Structure formats: C-alpha cells, structure tokens
Amino acid sequence: MFNNFANVWTIVGLAQDLKRAAPLAMRVAGERVVFFRNAAGNACALLDQCPHRGVALSLGRIENGVIECPFHGWRFDGAGRNCHVPWNPDAKRDNLSAVALPCREAGGLLWLYTGFDPKEEPEPSQTLTAPHGLALCAQSVTWKAHWTRVMENMLDSPHLPFVHRKTIGRDLFKHLGASRLEMNFEPTPSGGHIRASVDGTPRAGNMDYRFPNVMELFIDPPGKIFRLMVACIPEDDRTTRLWLVTVRSFARAPLFDFAFRWMNRRIAREDQAIVESSLPAEVPPPAEEASVRTDAPTLAFRKIYRERLLGSSVSRPRRREDPSP
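Tracing the backbone shows Arg37 in strand S3 (residues 31-37). Polar side-chain contacts of Arg37 include one of 2.9 Å to the backbone oxygen of Ala15. One polar contact links Arg37 to Glu105, side chain to side chain, over a distance of 2.8 Å. Among residues more than four places away in sequence, those in contact with Arg37 are Ala15, Leu18, Lys19, Arg20, Asn42, Ala43, Ile62, Gly65 and Glu105.

Take a look at the structure:
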C-alpha cells in the first residue's frame, strides 16, 4: 500500500471542508480513502473499501458519526470497528472491521498518514500556526503527471520567464540578458529553503520545500503577509492533485477569494501541459537526464525522494477469519 509514498504525513485539504453530514472521498498514492467526522466531531479516515464485498464506503451515509456501507448496511466507526451487521446478530464483529488510517487536523488543514503507526505528528508551516488574522483561500486541480514531476516544477524558478512570461515570470524575463542565475538549496529540518539571485542580487520570492510534497512561496509585500502553498498529492502513478492555498493578511473578505483562485488556476494551466509531457513519467536518477547548476533545488528533491520515499510501502493488515457459520 501507498507504494513510494509510505509512512509520511500529507496534507489532503482544509479541515473546514470536512463536514459532519457527508463523507469525503479521495485517492492517495493508489489507495481509496474516505474521510468523515465521528460522533465527537473528530476527523477520521478509513480505506474506502468495505471488508465485506469491497465496495466504496464513501457511497454510503453518515449517521451519528458512523459510516454505513451502501451495499449491505454494515456500519463502522472512526476507528474502523464494525458497529452493526444487519441480519446477523451472532456475527463476530471484532473480525469484520474496516481499515482505519491516522488522520489529524493541524494548522487548519486535514492530514493523512500513509501508514499505520506514525512516530510523530504533522508539522504545519509556521505561516499556518501564526496568530489569527490571516485569510486562507484553497482550491485543487488535477494533472495527468507523476507527483514527482509536479513537485519539481514547484521548486524550479528558471522556468518562470519561459512558461509564465505574461504572469509571475515577467520580472525574471526582464533579466534574461543577465549572465548568471544562482539557485541555492539550504537543507532544513522540514526539507529545504530555496533562494535565488541574479548576478549576485538576491531576488524576492524565496520558497521552502516541506517534506514530502509541499512548496511554500513567500511573496510578502512590505508590512504584509502573502504566501502561496502547493501540496502535490499523488492519486496514482499518473495522476496528481495539486492543492493550492493562498494565505494573506490583506483583502481578507471572502469576496476577494475569486480573484486569488482565478490567478492560481491561470498559473497552473500555464504549467500543466508542459509538465504532463515529461518522459519518463517519474523523475529518473539524476544521471539519466542532463542537468546544470541552476537545477540545484530539483536535484536536492530527487535525492530526498530516492533516499526517503522510493521503494517505500506498507502492508495491509491481515484479517482474521470469522469462524461463525
């Protein structure tokens, strides 16, 4: 399970988007997952597969914090425990559980652990744990590309004046006549900090890479906070859901959200076809593609991916047989 993306916390959305009344279905690293709130209102996650006949639990309904399978009415709580099997009062329900996954709410975000035994809790960016007064505006788009190619694109500044010449790359386009662009990747406990300079002059718009799959771009105007965060969530080997959120200390009224979403969609579309054309689909070992000095951040990501994620997986819990007839 969760091949090449196992045993990590990943952002999957905003916590406020998970309602009490309905389940929320997602696909993460090849696995179907259903999120819902239990009777206490806490976020929970199960593999989106009933242990009885394998149908999607997310097609069922939520009642009193318990999810009911749409096929035969089996019910499961947030820990995966079987709470009811219609027509079978003698069923040994301890053997008929669904598979629960660790799920948390932190920094206003919804997190999933791609395994079963996290040794630590998710660590949201300090941007999201700062004092109140910031507005969050989120959306998602889907690309037909391996998540590693998408992640590299988010960490790559040299492409801006070519792909985004009319939007966020206009300023860098003016500097194409300069002799040297420096891209510096400084490892940090959470991943790495990326700084750029042109002919020795530092550029605005530094960014952080947050392991395993988040980029945070710092675009703060004087005296204000303005950040863009992108989580590259693998759905499967060929599909990535980009979860984009802007965090701002100005224009905080919800009516401004449309403008920020519109700009994010426009910029994402500029990248999409190019990244989707990448071959091979997954980033290869560094020696299999030509690279140059300004590829330092993406090469650092490739090293982290190969050392910490590539080849990772978890085993599905083994089910005990129900001895009842």
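Further notes follow.
Moving on to unusual backbone geometry. Along the chain, Phe211 connects to Pro212 via a cis peptide bond; the corresponding omega equals 5 degrees. Relative to the assigned elements, Pro212 resides in the loop between strand S16 (207-210) and strand S17 (214-218). The omega angle of the peptide bond from Leu279 to Pro280 is -5 degrees, so this bond is cis rather than trans. The residue Phe2 is not glycine, and still its phi comes out positive at about 50 degrees. Looking at the secondary structure, you find Phe2 in the segment before strand S1 (9-14). Take Phe2: its relative accessible area is 0%, and that puts it in the buried class.

Our focus in this paragraph is the layout of surface pockets. Within this model, the largest pocket holds a volume of roughly 870 Å³. Around the largest pocket, the lining comprises 38 residues; the ones closest to its centre are Leu160, Ile168, Leu217, Ile219 and Leu228. Elements with a minimum of two residues in the lining of the largest pocket: helix H2 (147-154), helix H4 (170-173), strand S13 (181-188), strand S14 (191-198), S17, strand S18 (226-236), strand S19 (239-248) and helix H5 (257-276). With seven residues, the top contributor of residues to the lining of the largest pocket is H5. For the lining of the largest pocket, the per-class residue count stands at 24 nonpolar, eight polar and six charged. Taken as a whole, the second largest pocket holds about 540 Å³ of empty space. Secondary structure elements with two or more residues in the lining of the second largest pocket: S1, strand S11 (109-113) and helix H6 (296-308).

What counts, and at which threshold
Residues numbered from 1 in each chain as written. Predicted model: local features only at pLDDT ≥ 70, side-chain atom pairs only at ≥ 80, totals over all residues. Heavy atoms only, no water. Helix = DSSP H or I, 4+ residues; strand = E, 2+ residues; numbered from the N terminus. Polar contact = N/O pair within 3.5 Å; in protein donor to acceptor, adjacent residues only side chain to side chain. Contact = heavy atoms within 4.5 Å. Buried < 20%, exposed > 50% of the residue type's maximum accessible area, 1.4 Å probe, protein only. 1 Å grid on protein atoms, 1.4 Å probe; cavity = no way out; pocket = protein on both sides within 12 Å on 5 of 7 lines; lining within 4 Å. Points joined across faces, edges and corners; volume = space filled by probe spheres on them. Nonpolar A, V, L, I, M, F, W, Y, C, P; charged D, E, K, R; others polar.

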